[in-house]
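Given next are the chains, with one letter for each unit.
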Amino acid sequence: MSQVRVRFAPSPTGALHIGGVRTALYNYLFAKKNDGKFILRVEDTDQSRYVKGAEEYIKESLEWCGINPDESPYHPGEFGPYRQSERKDLYKQYVDQLLENDLAYYAFDTPEELDAMRERLKEAKVHNPQYNSITRMQMSNSLTLSAEDVKSKIDSGVPYVVRIKVPAKEDIRINDLIRGWVKVHSSTIDDKVLMKSDGMPTYHLANVVDDHLMKITHVIRGEEWLPSAPLHVLLYKFLGWEEEMPQFAHLPLLLKPDGNGKLSKRDGDKLGFPVFPINGDFPGKDGSLEHFSGYREAGYLPDGFINFIAFLGWNPGTEQEIFSVPELVENFSLERINKAGAKFDIEKAKWYNQQYLKSTPENELANYIINGSKEAGFECSESTAIKIAGLLKERVTFIHELWDDAKIFFELPESYDDKVVKKKWTQEAVTVLTDYGTTLGSLDSINSEEAKSTLEQSLEKFGINIGRVMQALRLSITGAGGGPDLMMIIEVLGPKEVSKRIEIAIDTLAERVKS
Ligand code: GLU
């Protein structure tokens with residue numbers, strides 16, 4: 001068996017939809033699983049759709065995701081160039097070969113003539129008017145014109161395209177690795193343009209030629225390309241490459257959260273979640289600059305994002321949901337990709353982020369707290385930041401929430417939760433807190449166990465149950481009725497600070513004591 005070689009072949013026409021990221025990921029996983037190569041090829045032959053900055057955006061997106069190609073325009077292997085616009089001259093010989101073998105033909109039709117043909121067919125109630133084995137004989141091309149006419153048109157610079165000559169009656173079969181056998185009748189395929197009047201190949205020709213020259217063994221791509229696959233199969237046959245034709249695997253669509261149609265940027269904008277890996281600004285449908293918001297900037301961790309994306313259309317067949325990239329590689333197979341579209345669920349993306357945040361070492365997260373405190377004008381040692389990170393990381397979904405939650409360690413409570421005051425700020429709580437606060441005030445440091453036993457001593461002194469005081473204590477320190485482990489908060493804040501906060505709360509809430 002030859003070495004597995006797969007490619008991700010985006011066109012730089014704007015931001016990379018997460019469906020594209022998933023295609024790249026599955027190609028990457030498949031390559032790594034099979035000790036193969038993952039190639040990035042930029043398909044930029046359609047100059048009219050080319051968008052400046054889109055290629056850089058794709059590169060940066062893949063880098064952020066950690067989907068690193070073995071061969072690409074930036075890290076070429078022996079099959080370069082990896083940008084189709086730089087391969088322009090290479091395609092001509094294959095077009096010539098098809099022309100010589102009567103498998104393609106020159107077509108000189110003007111846009112007006114093409115429109116008129118479609119109109120004629122519509123009037124004749126032809127359901128799907130196309131340039132095909134029937135209509136081609138009424139058009140201006142090298143099948144209907146004499147050889148001299150063709151030559152003189154070409155010599156005098158009349159614009160022309162080259163079209164594939166699709167057979168009138170032939171069954172084309174493809175064994176798709178996900179969908180099984182797909183059979184298409186050639187009469188449903190039109191004579192697609194292979195080379196445009198600017199001398200550039202179209203997607204179809206360039207894609208097939210490059211897959212062949214780059215020795216691609218498996219074409220793994222989105223379902224939207226399935227209708228093009230029969231034409232590609234035909235091209236392999238026409239070019240004499242049928243024996244080495246890659247295997248095809250067409251991935252299921254990514255669906256809107258309600259399952260009704262393809263997930264679009266508009267769904268994300270409307271429902272408030274990103275549909276793109278990273279932020280970008282590109283021309284939208286009407287040409288004006290649009291913002292495409294990304295997962296990176298929304299605070300998602302790349303590994304969690306990848307884990308989430310991997311599960312959109314694939315599953316390992318077990319209950320396990322958390323997979324590192326090497327584990328994904330180990331478990332990935334095309335057989336376990338679903339045929340049906342995958343419903344998008346942003347809550348799952350958040351869940352993954354939370355899980356990955358939880359397992360991020362505290363010292364890595366501590367920087368967020370150190371930076372946040374610095375910006376807010378506070379000092380925070382690394383050891384304190386590590387403790388705070390440990391306390392908070394299980395409670396946040398996004399990393400930027402760490403600093404928001406960490407504020408209680410630097411600032412006095414701005415207010416006290418009214419509901420908790422009403423219910424829990426009682427005379428007996430104040431009595432215990434006064435005693436506890438006094439004891440803490442005389443200490444220089446305390447750990448969480450000592451904080452607890454000291455509290456128990458105060459409770460015992462007055463014969464009061466811990467449940468009647470805990471929330472009041474928390475309220476006096478943080479202003480809220482809930483939050484992370486209170487004894488750890490006391491350890492991090494230090495006994496003097498806690499004593500001060502208790503005193504302030506007792507003063508502030510003096511009028512509100514419930515008897
Ligand atoms: N250039 C095509 C795209 O933009 C590639 C399709 C394929 O993988 O064959 O998606």
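Just above, that's the structure.
Analysis parameters
- Residues numbered from 1 in each chain as written.
- Predicted model: local features only at pLDDT ≥ 70, side-chain atom pairs only at ≥ 80, totals over all residues.
- Heavy atoms only, no water.
- Helix = DSSP H or I, 4+ residues; strand = E, 2+ residues; numbered from the N terminus.
- Rg over C-alpha atoms; globule rule 2.2 N^0.38 Å.
- Buried < 20%, exposed > 50% of the residue type's maximum accessible area, 1.4 Å probe, protein only.
- Contact = heavy atoms within 4.5 Å.
- Areas by Shrake-Rupley, 256 points an atom, 1.4 Å probe, with all protein chains shown as cover.
- Near = heavy atom within 4 Å.
- Polar contact = N/O pair within 3.5 Å; in protein donor to acceptor, adjacent residues only side chain to side chain.
- Nonpolar A, V, L, I, M, F, W, Y, C, P; charged D, E, K, R; others polar.
- Pairing = 2+ DSSP bridges.
- Axes fitted to C-alpha atoms, helices over the stretch in contact; angles between N-to-C directions.
- Parallel < 35°, antiparallel > 145°, perpendicular 65-115°, else oblique.
- Left-handed = near helix turned anticlockwise from the far one by under 90°.
- Expected span 1.5 Å × (residues − 1).
- Arc of directions from axis to C-beta.
- 1 Å grid on protein atoms, 1.4 Å probe; cavity = no way out; pocket = protein on both sides within 12 Å on 5 of 7 lines; lining within 4 Å.
- Points joined across faces, edges and corners; volume = space filled by probe spheres on them.
- Salt bridge = Lys/Arg side-chain N within 4 Å of Asp/Glu carboxyl O.
- Core = buried A, V, L, I, M, F, W, Y, C linked by side-chain atoms within 4.5 Å.

Asker: I tried to follow the overall build of the protein chain on my own but got confused; where do I start?
Answerer: Of the regular secondary structure elements, the protein chain holds 20 helices and 13 strands. Taking 24 Å as the expected radius of gyration for a compact globule of 515 residues, we find that the protein chain reaches 33 Å, considerably beyond that expectation. If one aligns the C-alpha atoms of the protein chain with their principal axes, the spans along those axes are about 110 × 50 × 40 Å. Taking all 515 residues of the protein chain together, 49% fall into the buried category. Summarising the internal contacts of the protein chain: among those between residues at least 6 apart in sequence, 72% fall at separations of at least 24. Of the roughly 24900 Å² that the protein chain leaves accessible, carbon and sulfur atoms contribute 48%.

Asker: Looking at this model, I keep getting lost on the site of the ligand. Mind explaining?
Answerer: Around the ligand sit Arg7, Ala9, Ser11, Glu43, Tyr203, Asn207, Arg221 and Trp225, and those are all the residues in its vicinity. Between the ligand and Ala9, the relevant distance is 2.8 Å, taken from a nitrogen atom to a main-chain nitrogen or oxygen of the residue. In this structure, Tyr203 approaches the ligand through a side-chain N or O atom, which is 2.8 Å from an oxygen atom. Out of a free accessible area of 300 Å², the ligand has 84% covered by protein chains. In terms of residue class, the shell around the ligand is built from 3 nonpolar, 2 polar and 3 charged.

Asker: Honestly, the sheet that holds strand S3 (residues 104-107) in this entry has me stumped. Any pointers?
Answerer: Across a sheet, strands are paired by hydrogen bonds formed along the backbone, either parallel or antiparallel in direction. Across the sheet, 3 strands lie side by side as S3-S4-S7; this open sheet has antiparallel pairing. Of all the strands in the sheet, just S3 and strand S7 (193-195) have a single pairing partner and so form its edges. Here the average twist between neighbouring strands, direction ignored, is 45°. Across 4 bridges, S3 lies against strand S4 (residues 161-164) in antiparallel orientation. For Tyr105, the partnering residue across the bridge sits in S4 and is Arg163. Across the sheet, helix H3 (residues 88-100) lies against S3, S4 and S7, angled at about 100° from S3, the strand it touches most.

Asker: It is not clear to me how the packing of helix H9 (residues 302-310) against helix H11 (residues 346-358) should be interpreted in this structure. Could you clarify?
Answerer: Two numbers describe a pair of packed helices, the interaxial angle and the distance between the axes. Viewed as axis vectors pointing N to C, H9 and H11 meet at an angle of 140°, and their least axial separation amounts to 8 Å. Taken together, H9 and H11 sit at an angle that is classed as oblique. Between H9 and H11 lies a crossing of right-handed hand. Note on element contacts: H11 touches H9 through Lys348, Ala349, Tyr352 and Tyr356, opposite Asp303, Gly304, Asn307 and Phe308. Along the lines of polarity and charge, the residues of the contact of H9 with H11 split into 4 nonpolar, 2 polar and 2 charged.

Asker: Which parts of the structure should I look at to understand helix H17 (residues 448-462)?
Answerer: Three- or four-residue spacings in an α-helix give side chains the same orientation, since the helix completes a turn every 3.6 residues. Compared with the 21 Å implied by 1.5 Å per residue over 15 residues, the 22 Å span of H17 between its first and last C-alpha is a close match. Listed as buried for H17 are Ser448, Ala451, Thr454, Leu455, Ser458 and Leu459. The buried residues of H17 occupy an angular sector of 140° when the element is viewed end-on, so they sit on one face. Residues of H17 that are exposed and point more than 90 degrees away from the buried face comprise Glu449, Gln457, Glu460 and Lys461. Summarising the contacts, the buried residues of H17 are in contact with helix H16 (427-441), helix H18 (470-478) and helix H19 (486-493). Near the N-terminus of H17, the side chain that reaches the backbone nitrogen of Glu449, with its oxygen 3.1 Å away, is that of Asn447.

Asker: It is not clear to me how the side chain of Ser476 should be interpreted in this structure. Could you clarify?
Answerer: Structurally, the position occupied by Ser476 is in helix H18. For Ser476, a relative accessible area of 0% translates into the label buried. A polar contact is formed between the side chain of Ser476 and the backbone oxygen of Leu473, at a distance of 2.7 Å.

Asker: Explanation requested: the environment of Thr439 in the structure shown.
Answerer: As for its position among the elements, Thr439 is in helix H16. Classification of Thr439 as partly exposed rests on a relative accessible area of 30%. For Thr439 and Lys387, which are 52 residues apart along the polypeptide, the C-alpha to C-alpha distance reads 24 Å. At 3.0 Å, the side chain of Thr439 and the backbone oxygen of Asp435 are in polar contact.

Asker: How do you make sense of empty space enclosed by the protein when you look at a structure like this?
Answerer: Picture a little ball the size of a water molecule; that probe, rolled over the atoms, points out where space is still empty. In the structure shown here, the tally under the stated rule is 1 cavity of 30 Å³ or more. One number sums up the size of the largest cavity: a volume of about 30 Å³. Lining the largest cavity are Lys265, Gly268, Asp269, Phe273, Pro274, Val275, Phe276 and Ser293. Looking at the lining of the largest cavity, its residues break down into 4 nonpolar, 2 polar and 2 charged.

Asker: Help me understand the pattern of salt bridges, please; the structure alone is not making it clear to me.
Answerer: A pair can form between side chains of opposite charge whenever their charged atoms are brought close. One pass over the structure, following the stated rule, counts 38 salt bridges. When the shortest N-O distance is used, the salt bridge between Glu491 and Lys387 registers 2.9 Å. Separated by 104 residues along the polypeptide, Glu491 in helix H19 and Lys387 in helix H13 (residues 382-392) bring together distant segments of the chain. The class for Lys387 is partly exposed, based on a relative accessible area of 37%.

Asker: I tried to follow the nonpolar core on my own but got confused; where do I start?
Answerer: Here is a general trend for soluble globular proteins: nonpolar side chains tend to be buried in one another's company. Counting 107 residues, the largest nonpolar core has Ile67, Tyr295, Trp425, Leu473 and Ile490 as its most contacted members. In terms of residue count, helix H1 (residues 18-33) provides more of this core than any other element does, 9 residues in total. Not counting residues within four places of it along the chain, the set of residues in contact with Ile490 comprises Tyr436, Ile446, Ala451, Leu473, Ile477 and Val498. By size, the runner-up hydrophobic cluster in this structure holds 37 residues, among which are Ile39, Leu99, Val162 and Ile216.

Asker: What am I meant to see in the environment of Val325 here?
Answerer: With respect to the helices, strands and loops of the structure, Val325 is situated in helix H10 (residues 325-331). When sequence neighbours within four positions are dropped, the list of residues in contact with Val325 reads Tyr28, Leu29 and Ile306.

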